[in-house]
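Inside the fold
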Amino acid sequence: VYCVNDPAVMQAWGEDQGIGGSMVSFVADPAAELTKALDMEMTHPGPPSVGIIGRCKRFAIHAVDGDIKTVKISEAEGDPAGDDDPSATLAEGMLEAIAAE
């Protein structure tokens, strides 16, 4: 799991979620370099008061040996962050997408 955030926040989030000893890692992308390289920067002009500027889209990637097989993005008109319906990028949605590959 990565997020446009600083390493201290990601470490605290990982501790809060109890990921220690699991296969899950939380990684910071403080300058949004990975986000921009993946073309996943949220560019919706929406209200700056809710922090849209510089954020990453809600997305999930299935890759095998570095080959990207599936990319899913949860966003809709009027909901650039995918908050209303994140289902495409949640585990169940990704498992369905992987099964359909």
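Criteria and thresholds
- Residues numbered from 1 in each chain as written.
- Predicted model: local features only at pLDDT ≥ 70, side-chain atom pairs only at ≥ 80, totals over all residues.
- Heavy atoms only, no water.
- Salt bridge = Lys/Arg side-chain N within 4 Å of Asp/Glu carboxyl O.
- Helix = DSSP H or I, 4+ residues; strand = E, 2+ residues; numbered from the N terminus.
- Phe/Tyr/Trp six-rings, centres within 6.5 Å; stacked < 30°, edge-to-face > 60°.
- Buried < 20%, exposed > 50% of the residue type's maximum accessible area, 1.4 Å probe, protein only.
- Patch = residues over 30% accessible without salt bridge, like charges linked within 9 Å, V, L, I, M, F, W, Y side chains within 5 Å.
- Areas by Shrake-Rupley, 256 points an atom, 1.4 Å probe, with all protein chains shown as cover.

Some points on the pattern of salt bridges
- Applying the stated rule across the entire model yields three salt bridges.
- For E75, the salt bridge is made with K57, and the minimal N-O distance between the two is 3.7 Å. Here the residue E75 occupies a position in the loop between strand 4 (67-74) and helix 3 (91-99), and K57 occupies one in the loop between helix 2 (33-37) and strand 3 (58-64), the gap between them amounting to 18 residues.

Quick look at the packing of aromatic side chains
- In total, this model carries two aromatic pairs according to the counting rule given.
- Between Y2 and F59 the ring centres are 6.0 Å apart and the planes differ by 65 degrees, which places this aromatic pair in the edge-to-face class. In this pair, Y2 sits in strand 1 (residues 2-3) while F59 sits in strand 3, placing the two residues 57 residues apart along the sequence.
- With a relative accessible area of 21%, Y2 lands in the partly exposed category.

Concerning a nonpolar patch on the surface
- Taken together, V1, W13, M23 and V24 make up a surface patch of nonpolar side chains, about 440 Å² in accessible area.
- Among the secondary structure elements, V24 is positioned in the loop between helix 1 (7-17) and strand 2 (27-28).

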